[in-house]
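Examining the three-dimensional arrangement
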Amino acid sequence: CSSDAASQVPSPCCPFMHCCIAAAEMTLPRRIVDCHHHFLAPDEPFHATLGALGAPAYTAEQYAADSAGLPIEKTVHIEALADDGAGEAAYVDALASRGACKVAAIVANCDLSAPDAAAALDKIQAASARVRGIRYILDYDGPFDGECPTHVACKAHATDYLRDASAAAAFERGFALLAARGLSFDLQLCPAQMEAAAAMISRHPGVPVVIDHMGKPWRLRADGGAADAAELAAWRKGMAALAALPQVSCKLSMLGVAVPGWPAGGAKEELLRGLVLETISLFGARRCMFNSNWHINGAVSNSDAGDVPSDEALTMASLFERFHGWVAHLGEAEREALFAGSAERFYRI
């Protein structure tokens, strides 16, 4: 593939895409707003669940070391299975206030289905002026077994807050509280839940929503088989329903869930790059945002399981270089949006 080919936009099925990716200049964006990362404090009461899961600590100092040399101007801290959303928010706020990190916005955990959701939201907002949004992990598609798309955070309640009629009604009552408080919602779900999520979100146009991790299509094999086709069909249908809502944006991160082993390159990276570009085309660059999801190390940040050997060498710098290479053919304004501007607008920072 010639150097000229690298400047063109290869289709997802282009036989020369791997060559084009390799030929693309590996550079970093001009500036980055890392709009999704985590600090872990498993010895603190607000992270008791992380402690029970055996998670190691991941500090602001470690993040600073891992991101050294990158043009990161500010960041957004996303809740990390927090047992106490206000407690975690206060902890992160204190780090930012003393200059230990560049956190400009905080997304806190809150069970919006709970009867006391309003009081909990008030407490969270009182804990930090940096709070911009809420996340309550929702990806549930059957009992948690480590193999299906259900997240470990849903193991305790084993409830589908988007498709179970009773649970969904309770969750929507809490979701409706966000608009008046000026709060956004980070939507982490699985493709099977997307149409139900779109229906609920459409009834609340005053709540900005961002899909976490590109909607988490599940463990594609990149083999052209029937299983991949079925998973992608469900993902595409759901993403189209969500993209039709102007208040919905999408984060591009933790992509090892979608295509395990993509950092090794080849057909897996080709497939993933095509899906990323498809997502950007669907939502537009102003509603998409790359981020690191960084915590612990590259393997865990790329996929919660952290069990793919090819991911072990992934650094934050190499991750952003790969992201930037995938969109090198886009204009400067689009790349600025993808790496910084979209996140600044969404989180109002």
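**Some words on the sheet that holds strand β1 (residues 32-37)**
Judged by pairing direction, the sheet is parallel, and its 8 strands sit side by side in the order β1-β2-β3-β4-β5-β6-β7-β8 without closing on themselves. Whereas interior strands pair on both sides, the edge strands pair on one side only; in this sheet they are β1 and β8 (288-290). Shown here is a sheet whose adjacent strand axes are inclined to one another by a mean of 25°, direction ignored. With 3 bridges joining them, strand β5 (residues 184-187) and strand β6 (residues 209-211) adopt parallel strand pairing.

**Things to note about the confidence of the model for the protein**
Overall, the predicted model of the protein reaches an average pLDDT of 93, with 93% of residues at or above 70. Below a pLDDT of 50 lies the segment residues 1-24, which in the model reaches 26 contacts outside its immediate sequence neighbourhood of four places, other chains included.

**Quick notes on the pairing of β5**
The alternating pattern of β5 places Ser184 and Asp186 on one face and Phe185 and Leu187 on the opposite face, and all of these are buried. Sheet analysis places strand β4 (residues 131-135) next to β5, joined by 3 bridges and oriented parallel. By the bridge assignment, glycine 133 is partnered in β5 with serine 184. In the classification by handedness, the crossover that spans β4, the intervening helix α6 (residues 165-175) and the parallel β5 is right-handed. The β-α-β motif built from β5, the intervening helix α7 (residues 194-202) and the parallel element β6 has right-handed crossover chirality.

**Overview of the environment of lysine 123**
Position of lysine 123 relative to the elements: it lies in helix α5 (residues 117-127). With a relative accessible area of 53%, lysine 123 lands in the exposed category.

**What about the pattern of salt bridges?**
Summed over all chains, the structure comprises 21 salt bridges. When the shortest N-O distance is used, the salt bridge between arginine 130 and aspartate 93 registers 2.7 Å. Placement of arginine 130 in the loop between α5 and β4 and of aspartate 93 in helix α4 (residues 85-97) is noted, with a sequence separation of 37 residues between them. We classify arginine 130 as partly exposed; its relative accessible area is 22%. When salt bridges with common partners are traced through the structure, they connect Arg30, Arg31, Glu73, Lys74, Glu332, Arg335, Glu336 and Glu344 into a single cluster.

**As for unusual backbone geometry**
It is generally the case that most residues other than glycine have a negative phi and that most peptide bonds are trans. Phi angles above zero are rare outside glycine, and methionine 214 is one such case at about 55°. Tracing the backbone through its elements, the reader meets methionine 214 in the loop between β6 and α8 (226-243). Relative accessible area serves as the criterion here: at 0%, methionine 214 is assigned to the buried category. Unlike most non-glycine residues, alanine 222 shows phi in positive territory, near 60°.

Each value, and the rule that gives it
- Residue positions within a chain follow its written sequence, with the count starting from 1.
- Given that this is a predicted model, residues contribute local features only at a pLDDT of at least 70 and side-chain atom pairs are listed and counted only at 80 or more, while totals for whole chains, interfaces and linings are drawn from all residues.
- The side-chain values count all of the structure's non-hydrogen atoms but skip hydrogen atoms and water molecules.
- Criterion used throughout: strands pair if DSSP finds at least two bridges between them.
- Comment: elements are numbered from the N terminus, with helices defined as DSSP H or I runs of at least four residues and strands as E runs of at least two.
- Simply put, an axis is a line fit to the C-alpha atoms, just over the touching stretch for a helix, and the angle between two N-to-C directions goes from 0 to 180 degrees.
- Scored from 0 to 100, pLDDT reflects the predictor's confidence in each residue.
- Contacts are assigned to residue pairs that have any heavy atoms within 4.5 Å of one another.
- Residue burial is assigned from relative accessible area. The probe radius is 1.4 Å, only protein chains are included, and a residue is buried under 20% of its type maximum, exposed over 50%, and partly exposed in between.
- When the strands point away from the viewer, a crossover counts as right-handed if the path from the first strand over the helix to the second runs clockwise.
- Whenever a carboxyl oxygen of Asp or Glu lies within 4 Å of a side-chain nitrogen of Lys or Arg, that contact is scored as a salt bridge.

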